Amino acid sequence: MTAPRTPTTVRKALGRLSLPERTFIADALRTETVGGVLLLLAAVAALLWANIPGLHHSYETVSHFHLGPGALGLHLSVAHWAADGLLALFFFVAGIELKRELVAGDLRDPKAAVLPVVAALCGMAAPALVYTLTNLAGNGSLQGWAVPTATDIAFALAVLAVIGTSLPSALRAFLLTLAVVDDLFAILIIAIFFTDRLNLAALGGAAAGLAVFWLLLRKGVRGWYVYVPLALVIWALMYNSGVHATIAGVAMGLMLRCTTREGEQHSPGEHIEHLVRPLSAGLAVPLFALFSAGVSISGGALGDVFARPETLGVVLGLVVGKAVGIFGGTWLTVRFTRARLSEELAWADVFAMSSLAGIGFTVSLLIGELAFGSDTVLTGEVKAAVLIGSLIAAVCATMLLKLRNNRYRRLCEEEERDEDLDGIPDVYEQGDPAYHLRMAEIHERKAAEHRRLAAEARRGLAEVPGGAGEEGDRPA
């Protein structure tokens, strides 16, 4: 006798999140959205400051003003401090996000992690391929192949905030998880491909500092006055080692514990992320944008972006490569695994999100500086290409998302509905008998109220001479 076959469970790709995950994602995205709006304002301010004739000189003066201890190898320009110093906070938060996703989020389950990982990998490989093919055809430089590979989650969320699109939590979570994986590979690219010199003594010192950082965390030592000075020393050593200093931020973020223990409401990683994220999103990243996005924009400069293979490759990589790569990676994952797209969404939604991921601002600007730092003119043109490519991607995504906005609004209303007023959305209580008993009681009270109102209405009609109750039902 053959044993009955266990039915195969079908996983939903981009399905509804669990309530704790949904709450965490909502809190994280709220901060990122505010930071994204500030980032957008900083980018506009940088462009105005750099292009208004009377202000351009002051922008250059401030950007190239040097400060810091030269004896420690840290006599840097303001723009350099923003890129290597303040941006380390951004990568510190990225490291915490990655750690949390690996131990408590979607990436902890290999089956659930397949979709965002494959989508992110394809979303980085396709733009790099588009850039490479464009420059091979136009005899351009291949140095900038990594520039269009990054997605800027804060800028993408700022676009969503500006256009007023109500995205379901599953799509927002997909975008956030995708960006976390994207950041991981961007970090690896920076560490591997843009380290051209090594100071082994400084690198060894940074590694020793990280080891001390890890030991202090494991021993449960507390106090910002211990960790902040140590973090600054690690950052300075990493900077002098030749490895990009932001790698120190990522490494420290990955070391934090992101799981809760008995008696803890939040893990140390979540607590520190909650404290540092506003500083990163509200100060560090906008200041980086202010001193990196200030490129000269003119009719001729815009024309040059589409004439040079390096800059054209960046634009096409962000606009075409990102959309095709992420959409293709998602489709392939669903096609060749047991995952199925949630019935609440359509492939048009996936393509719209893939287009939105073409907004590659912060990390793309950073990689552009690293790739073409020796050529000031080309660096400026590549920055302009990043801005133009991100703008085109934002416009395309806006049009695609607006077409489905009514559907998104209905899904969001369904996710937020809480008719029994217990603080938990009704969609998360469908399997709870107590919820249905509460709803039955609510409906019974409403029915009793309507019966009372109906009885009062009948009495009122009966008291009106010649009313509806009179012979022939003639009106009064």
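Note: the structure precedes this text.
Now for a description of the structure that goes with this document. (Residues numbered from 1 in each chain as written. Predicted model: local features only at pLDDT ≥ 70, side-chain atom pairs only at ≥ 80, totals over all residues. Heavy atoms only, no water.)

## Comments concerning a nonpolar patch on the surface
Put simply, the rule is: Patch membership needs two things, relative accessible area over 30% and no salt bridge, and members are linked within 9 Å if like-charged or within 5 Å if nonpolar (Val, Leu, Ile, Met, Phe, Trp, Tyr). With residues, only the protein chains shown are counted as cover, and all accessible areas are computed by Shrake-Rupley using a 1.4 Å probe. Each reported salt bridge corresponds to a side-chain nitrogen of Lys or Arg within 4 Å of a carboxyl oxygen of Asp or Glu. Where helices and strands are cited, they refer to DSSP runs of H or I of at least four residues and of E of at least two residues respectively, numbered from the N terminus.
On the surface, a cluster of nonpolar side chains totalling about 320 Å² of accessible area is made up of V34, V37, L38 and L41. Topologically, L41 is positioned in helix α1 (residues 19-51).

## What to know about the side chain of T151
Stated formally: Any N or O atom pair separated by 3.5 Å or less is treated as a polar contact, with the protein-specific requirement of one donor-capable and one acceptor-capable atom, and with residues adjacent in sequence counted only for side-chain atom pairs. Contacts are assigned to residue pairs that have any heavy atoms within 4.5 Å of one another.
Structurally, T151 can be placed in the loop between α4 (110-137) and α5 (153-163). Within the structure, the side chain of T151 is placed 2.9 Å from the backbone oxygen of A357, a separation counted as a polar contact. Apart from the residues lying within four places of it in its own chain, the contact partners of T151 are D182, D183, K322, A357, I359 and G360.

## What about the packing of aromatic side chains?
This is how it is decided: Stacked, tilted and edge-to-face pairs are distinguished by plane angle, under 30 degrees for stacked and over 60 for edge-to-face with tilted covering the rest, among Phe, Tyr and Trp rings (Trp via its six-membered ring) whose centres lie within 6.5 Å. Should the NZ of a Lys or the CZ of an Arg lie within 6 Å of a ring centre and within 35 degrees of the ring normal, that charge is described as sitting over the ring.
Per the stated rule, a full pass over the model turns up 12 aromatic pairs. Arranged with centres 5.1 Å apart and planes meeting at 85 degrees, the rings of W145 and F193 form a pair that is edge-to-face. Taken together, the residues W145 in the loop between α4 and α5 and F193 in helix α6 (residues 169-193) connect sequence positions 48 residues apart. Lying over the aromatic face of F336, R335 brings its terminal NZ or CZ to 5.1 Å of the ring centre.

## A look at helix α13 (residues 347-356)
Side chains that are three or four residues apart share a direction in an α-helix, a result of its 3.6 residues per turn. We count it as follows: Exposure classes here rest on a 1.4 Å probe applied to the protein chains alone. A residue is buried below 20% of its type maximum, exposed above 50%, and partly exposed in between.
Most of α13 sits out of view: 7 of its 10 residues are buried. Taken together, the buried positions of α13 are occupied by D349, V350, A352, M353, S354, S355 and L356. Where α13 is buried, its residues contact α5, α6, α12 (309-336), β4 (340-341), α15 (376-403) and α16 (405-416).

## Considerations on unusual backbone geometry
Trans peptide bonds make up most of the peptide bonds, and negative phi angles are found at most residues other than glycine. Positive phi, normally seen in glycine, also occurs at N139, with a value near 55 degrees. Positionally, N139 belongs in the loop between α4 and α5.

## Describing the packing of helix α3 (residues 78-103) against helix α9 (residues 246-255)
How we decide: Lines fitted to C-alpha atoms define the axes, with helix axes restricted to the stretch in contact, and inter-axis angles between N-to-C directions lie between 0 and 180 degrees. Each angle receives one of four descriptions, namely roughly parallel if under 35 degrees, roughly antiparallel if over 145, roughly perpendicular if within 65 to 115, and oblique otherwise. Crossings are sorted by hand: turned counterclockwise from the far helix by less than a right angle, the near helix makes the crossing left-handed, and turned clockwise it makes it right-handed. Residue polarity follows a fixed list, in which Ala, Val, Leu, Ile, Met, Phe, Trp, Tyr, Cys and Pro are nonpolar, Asp, Glu, Lys and Arg are charged, and the others, Gly among them, are polar.
Interaxial distance between α3 and α9 falls to 7 Å at its minimum, and their mutual angle equals 30 degrees. One finds that α3 runs roughly parallel with respect to α9. Once α3 is placed against α9, the crossing between them reads as right-handed. Where α3 approaches α9, its residues A83, D84, L87, A88, F91, F92, G95, I96, L98 and K99 are matched on the opposing element by T246, G249, V250, M252, G253, L254 and M255. Among the residues forming the contact of α3 with α9, the class breakdown is 11 nonpolar, 4 polar and 2 charged.

## Regarding the pattern of salt bridges
Scanning the entire structure with this criterion turns up 13 salt bridges. As a salt-bridge pair, R308 and E310 come within 3.5 Å of each other at their nearest N and O atoms. A salt bridge links D349 to R404, with the nearest nitrogen and oxygen atoms 2.8 Å apart. One end of the pair, D349, is in helix α13; the other, R404, is in the loop between α15 and α16, with 55 residues separating them in the sequence. Assessed through its relative accessible area of 0%, D349 is described here as buried. What makes R404 partly exposed here is its relative accessible area of 24%. Put simply, E97, E273 and R277 are held in one network by salt bridges that share partners.

Function-wise, these values are silent; they only describe arrangement.
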